[in-house]
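Examination of the molecular architecture
What follows is the residue order along each chain.
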There are 2 protein chains.
Amino acid sequence: MKQKKENLDAIYDRLRLSIRKNGLKNSKQREFILKVLYENGGHLSPEDILMLAKDSYRGASISSIYRILGFLEKEGFVHSIEIDKSGKKYEIAGGTHHDHIICVDCGKIIEFYSKEMEELQEKIAKGHGAKIISHDMRIFAVCKECAKAQNL
Amino acid sequence: MKQKKENLDAIYDRLRLSIRKNGLKNSKQREFILKVLYENGGHLSPEDILMLAKDSYRGASISSIYRILGFLEKEGFVHSIEIDKSGKKYEIAGGTHHDHIICVDCGKIIEFYSKEMEELQEKIAKGHGAKIISHDMRIFAVCKECAKAQNL
DNA sequence: GTATTTGCAAAGACTTTGCATTTGA
DNA sequence: TCAAATGCAAAGTCTTTGCAAATAC
């Protein structure tokens, strides 16, 4: 499904580096969340992660998940997108940036990357004298399968 | 600042039409919110609108504002964007679709329209067999003024 | 008159925070 | 050892909902 460019151990190494850099301490929970996102490869809500965590160890807490996801996002290990009003979903930060097509029928998320789009954005921002920090592009659409199902 | 393509009365007419079409009844509050967004021309939060409403009549309620904004958005009179995690902001739906550059420093919102961008999105969606319903593109950047201020 | 809208208060959903306890360097 | 991370519960936001009173057609 999704290419895994970097293996989990390598990510853990980067994580430990990042933790040390910030003068923090490692924890099972941080590694667990990173692992879950890595292995799932998709987009999980904090609640989804909690459920998976509860299977693995008792006492997993939603607040820690929020805190950890906040840290992981700040450090660039994960990205979040807002699929709908039910809250954010997180995915592991793979090597390549990408944007999302979200099916308004089935909720499926299709990832895409367009060099043209990135360049165009750069051009637009420059035209307004602004310096891009990041962007967020969501295309809401009816996916191939749902379109087919509707045309029966 | 912002061009007003359609005058307020014309918008009211469309509103009444829309209300009748849905078998509903007109109300001062609906017209008020539309007017506020029209005259402000910018991006207002429900709370912003509430404050303005409180100046105009006692007993303005936040729940009505949410309800009305929901209706107005469904009917295409207003659009919403999520600037940050503090919630949605609403603007009057002008004639032309546009996207937003959001300054991460001062919060300023710059509107832009790019035909190329629209076409590119269409192409990307088509490439995935998806039919675009809408899109939402936000570029987070440091605006010209903030960049200048920082380079002192 | 009667169905829709409103205002108010209460409830919901998602997220954050305070604090005692546990854990890692 | 001792600061950082966790779990739990409580509190915070933004938003929605239930319901009686007001309003429009």
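The name that an unreviewed UniProt entry assigns to chain A is Ferric uptake regulation protein, with the source organism given as Wolinella succinogenes. Looking at chain A in UniProt, the text filed under Sequence similarities (unreviewed entry) is "Belongs to the Fur family."

What UniProt calls "binding site: Fe cation" (unreviewed entry) maps, in this numbering, to His97(A), Asp99(A), Glu118(A) and His135(A). Judged by maximum C-alpha separation, these annotated positions cover 39 residues in sequence but sit close together in space, the widest gap being only 10.3 Å. With respect to the helices and strands, the residue His97(A) is situated in the loop between strand E2 (87–92) and strand E3 (99–103). Among all residues touching His97(A), those that are not within four sequence positions of it are Tyr113(A), Glu118(A) and His135(A). Within polar-contact distance, the side chain of His97(A) engages the side chain of Glu118(A) at 3.2 Å. Secondary-structure assignment places His135(A) in strand E5 (residues 131–142). Discounting residues that sit within four places of it in the chain, His135(A) has contacts with His97(A), Asp99(A), Glu118(A), Gln121(A), Met137(B), Arg138(B), Ile139(B) and Phe140(B). Polar contacts involving the side chain of His135(A) include one to the side chain of His97(A), which spans 3.0 Å.

A few words now on the UniProt feature "binding site: Zn(2+)" (unreviewed entry) in chain A. All names here are of chain A. Within the UniProt annotation, "binding site: Zn(2+)" (unreviewed entry) is assigned to Cys 103, Cys 106, Cys 143 and Cys 146. What stands out for the annotated residues spanning 44 residues is how close their C-alpha atoms remain, the widest pair being 8.2 Å apart. Looking at the element boundaries, Cys 103 is found in strand E3. The exposure class of Cys 103 is buried, given its relative accessible area of 4%. Setting aside residues up to four positions removed in sequence, Cys 103 forms contacts with Lys 108, Ala 141, Val 142, Cys 143 and Cys 146. In this fold, Cys 146 is placed in helix H6 (residues 144–150).

This paragraph deals with the protein's contact with DNA strand C. Surrounding DNA strand C, one finds 24 residues, the nearest of these being Lys25(A), Tyr66(A), Leu24(B), Lys25(B) and Ser27(B). Take the atoms of DNA strand C that sit within 4 Å of the protein: sugar and phosphate atoms are 68% of them. With respect to DNA strand C, the side chain of Lys25(A) contributes an N or O atom lying 2.5 Å from a base nitrogen. Of all the elements in the fold, those that place two or more residues in the surface near DNA strand C are helix H4 (62–74) and E2 of chain A together with helix H2 (28–40) and helix H4 (62–74) of chain B. For the surface near DNA strand C, the element with the highest residue contribution is H4(B), accounting for four residues.

A common way to report how large an interface is uses the accessible area buried once the components associate. Between chain B and chain A, the residue contacts involve 33 residues of the former and 33 residues of the latter. Scanning the region where chain B abuts chain A turns up four salt bridges. Among the ionic pairs, Glu116(B) bridges to Lys123(A), the shortest N-O distance being 3.2 Å. Along the contact surface separating chain B from chain A lie 11 residue pairs in polar contact (both at pLDDT 80 or more). For the side of chain B that touches chain A, the elements supplying multiple residues, two or more each, are strand E4 (109–112), helix H5 (115–127) and strand E5 (131–142) of chain B. Here the side of chain B that touches chain A gets 12 residues from one element, more than from any other, and that element is E5(B).

This paragraph deals with the side chain of Asp136(B). The topology assignment puts Asp136(B) in strand E5. At 2.3 Å, the side chain of Asp136(B) forms a polar contact with the side chain of Arg138(A). Apart from residues no more than four positions distant in its own chain, Asp136(B) is found in contact with Asp136(A), Met137(A), Arg138(A) and Phe140(A).

In the superposition of chain B on chain A (RMSD 0.1 Å, axial shift 0.0 Å), the rotation amounts to 180 degrees. Expressed as an axis order, the relation between the two copies is that of a two-fold axis. Every residue of chain B has its C-alpha some distance from the rotation axis, and the shortest such distance is that of Met137(B), at 2.2 Å. Of all interface residues in chain B, 100% are interface residues in chain A too; the two copies therefore contact each other through one and the same surface.

So, on to the protein's contact with DNA strand D. As a structural note, the neighbourhood of DNA strand D is formed by 24 residues, with Lys25(A), Ser27(A), Gln29(A), Ser63(A) and Tyr66(B) the closest of them. In the environment of DNA strand D, a phosphate oxygen lies 3.3 Å from a nitrogen or oxygen atom belonging to the side chain of Ser61(A). Contacts to DNA strand D include Lys85(A), whose side-chain N or O atom sits 3.2 Å from a phosphate oxygen. Of all the secondary-structure elements, those providing two or more residues to the surface near DNA strand D are helix H2 (28–40) and H4 of chain A together with H4 and strand E2 (87–92) of chain B. When residues of the surface near DNA strand D are assigned to their parent elements, the largest contribution, four residues, is made by H4(A).

It is worth spelling out the pairing of strand E1 (residues 78–84) of chain A at this point. All names here are of chain A. Of the strand pairs in this sheet, E1 and E2 are connected by six bridges, and their pairing is antiparallel. When the sheet's bridge partners are listed, Val 78 is paired in E2 with Ile 92. Hairpin connection from E1 to E2: two residues lie between these consecutive antiparallel strands.

Parameters and conventions
Residues numbered from 1 in each chain as written. Chains lettered and ligands numbered in written order. Predicted model: local features only at pLDDT ≥ 70, side-chain atom pairs only at ≥ 80, totals over all residues. Heavy atoms only, no water. UniProt positions renumbered as here; feature names shortened; annotations may be inferred. Helix = DSSP H or I, 4+ residues; strand = E, 2+ residues; numbered from the N terminus. Contact = heavy atoms within 4.5 Å. Polar contact = N/O pair within 3.5 Å; in protein donor to acceptor, adjacent residues only side chain to side chain. Buried < 20%, exposed > 50% of the residue type's maximum accessible area, 1.4 Å probe, protein only. Near = heavy atom within 4 Å. Salt bridge = Lys/Arg side-chain N within 4 Å of Asp/Glu carboxyl O. Least-squares fit on C-alpha atoms with pLDDT ≥ 70 in both. Pairing = 2+ DSSP bridges.

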